[in-house]
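# Fold and contact review
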Amino acid sequence: MAAGAEPTDQTGPADPSDPADPSDAEPRAACVLCGKPTDLPDSTPGRTLCPRCDWEETVNSQCTG
Ligand SMILES: [Zn+2]
């Protein structure tokens, strides 16, 4: 057998793709009521509400009648 120096302990392609901050990858959608940025991505369909307005909408919807 030939004595070749081939350390093949770890096989597999290197993966240098390491996103530092994925949270900044997509812009946040603005709240339709107050205009503040929400936690939802900009591609969210429908009305986007910030947590505060979403909470107020929930309260108001419960008090109708
Ligand atoms: Zn809001």
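Along every chain, residues carry numbers that run from 1 in the direction the sequence is written. Given that this is a predicted model, residues contribute local features only at a pLDDT of at least 70 and side-chain atom pairs are listed and counted only at 80 or more, while totals for whole chains, interfaces and linings are drawn from all residues.

### Overview of the overall build of the protein
Strands are runs of DSSP state E lasting at least two residues, helices are runs of H or I lasting at least four, and both sets are numbered from the N terminus onward. Regarding its fold elements, the protein presents one helix and two strands. Along its sequence from the N terminus, the protein presents helices and strands in the succession β-β-α. Put simply, a residue is buried when 20 or more other C-beta atoms lie within 10 Å of its own C-beta and exposed when 12 or fewer do; between those, it is partly exposed, and each C-beta is set from the backbone. The burial tally for the protein puts 8% of its 65 residues in the buried class. Sequence separation of 24 or more characterises 0% of the internal contacts of the protein that already satisfy a separation of 6 or more. Note on contacts: each residue gets a C-beta atom placed from the backbone, and two residues are in contact if those atoms are within 7 Å.

### Here's the deal with the confidence of the model for the protein
In the predicted model, the protein carries a mean pLDDT of 82, and 78% of its residues have values of at least 70. Per-element confidence in the protein ranges from a low mean pLDDT of 92 for helix α1 (residues 51-62) to a high of 95 for strand β1 (residues 28-30). pLDDT measures the predictor's confidence residue by residue and takes values from 0 up to 100.

### Some words on the pairing of strand β2 (residues 37-41)
A strand pair is defined by DSSP finding two or more bridges across the two strands. Judged from the two bridges that link them, β1 and β2 form a sheet pairing that is antiparallel. Residue pairing for β2: Ala30 is matched across the bridge by Pro37.

### Some remarks on the environment of Arg28
Within the secondary structure layout, Arg28 lies in strand β1. With sequence-adjacent residues up to four places away left out, Arg28 is seen in contact with Pro37, Thr38, Asp39, Leu40, Pro41 and Asp42.

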